[in-house]
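# Understanding the architecture of this molecule
Residues per chain are reported as follows:
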Amino acid sequence: MAELHIYDIIRRPVITEKSTLIAELENKYVFEVAGKANKIQIKEAVEEIFDLDGQVVKVNTMVMPAKRGRRGRNAYIRSRQWKKAVVTLEEGVTIELFNV
């Protein structure tokens, strides 16, 4: 099995109303990650990319299911399945990308 590069593990930040709210209140940041990435790889990638030395406290992951739609009798997939990671940082530590 090929090793994932840190920039392949973290695909993009998820910026929604809920993710910005938990970033402000609970110091948790949400990312779309590679489907094969585990929590340890995600933690190391976030610490490396955002220059956080051991300040990631916790990583929660979940697989978001594909959204299906229908037109008449025909079923189709509106959006693909993807993996989401919620990364909790120590108090007082922020990621500058989200302070836009």
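Above this note sits the structure.
These notes cover the structure that comes with them. No experiment lies behind these values; they were computed from the predicted model shown.

Reading the values: rules and limits
Residues numbered from 1 in each chain as written. Predicted model: local features only at pLDDT ≥ 70, side-chain atom pairs only at ≥ 80, totals over all residues. Heavy atoms only, no water. Core = buried A, V, L, I, M, F, W, Y, C linked by side-chain atoms within 4.5 Å. Buried < 20%, exposed > 50% of the residue type's maximum accessible area, 1.4 Å probe, protein only. Helix = DSSP H or I, 4+ residues; strand = E, 2+ residues; numbered from the N terminus. Arc of directions from axis to C-beta. Contact = heavy atoms within 4.5 Å. Pairing = 2+ DSSP bridges. Axes fitted to C-alpha atoms, helices over the stretch in contact; angles between N-to-C directions. Polar contact = N/O pair within 3.5 Å; in protein donor to acceptor, adjacent residues only side chain to side chain. Phe/Tyr/Trp six-rings, centres within 6.5 Å; stacked < 30°, edge-to-face > 60°. Lys NZ or Arg CZ within 6 Å of the ring centre and 35° of its normal.

Moving on to the nonpolar core. Nonpolar side chains in soluble globular proteins generally cluster together in the buried interior. Core analysis: the biggest nonpolar cluster contains 19 residues, and Ile 10, Phe 31, Ile 42, Val 46, Val 87 and Leu 89 have the highest contact counts within it. Looking at this core, the elements that each hand over two or more residues are strand 2 (28-33), helix 3 (39-49), strand 3 (56-64) and strand 6 (82-89).

This part covers helix 2 (residues 17-26). Inspection of helix 2 places Ser 19, Ile 22 and Ala 23 among the buried residues, and these make up the whole buried set. Buried positions in helix 2, seen along its axis, are confined to an arc of 105° and lie on one side of it. Facing away from the buried surface of helix 2 by more than 90 degrees, the exposed residues are Glu 17, Lys 18, Glu 24 and Leu 25. In the core, the buried residues of helix 2 are packed alongside strand 2 and strand 6. Downstream of helix 2 by a residue or two, Asn 27 has a phi angle that is positive, lying close to 60°.

With antiparallel pairing, four strands are arranged side by side in an open sheet as 1-2-6-3. The sheet is open, and its two edges are formed by strand 1 (10-13) and strand 3, each paired on a single side. Each strand axis lies, on average, 30° off the axis of its neighbour in the sheet, ignoring direction. Where strand 3 lies against strand 6, eight bridges are found, and the strand directions are antiparallel. When the bridges of strand 6 are listed, Val 59 appears paired with Val 87. Taken strand by strand, helix 3 contacts strand 1, strand 2, strand 3 and strand 6, and its axis lies near 120° from that of strand 3.

Listed as buried for helix 3 are Gln 41, Ile 42, Ala 45, Val 46 and Glu 47. The elements touched by buried residues of helix 3 are helix 1 (6-9), strand 1, strand 2, strand 3 and strand 6. Sitting at the amino-terminal end of helix 3 is Asn 38, which places a side-chain oxygen 3.2 Å from the backbone nitrogen of Ile 40. Positive backbone phi, approximately 55°, marks Asp 51, located one or two places after helix 3.

Each aromatic ring pair is summarised here by two numbers: the centre-to-centre distance and the angle between the ring planes. Evaluated as defined, the whole model comprises one aromatic pair. Plain terms: the ring middles of Phe 31 and Phe 50 are 5.7 Å apart, the flat faces sit at 35° to each other, and that makes the pair tilted. Residue Phe 31 is located in strand 2, and its partner Phe 50 is located in the loop between helix 3 and strand 3; the two are separated by 19 residues in the primary sequence. Seen from the ring of Trp 82, Arg 12 lies directly overhead, with NZ or CZ sitting 6.0 Å from the centre.

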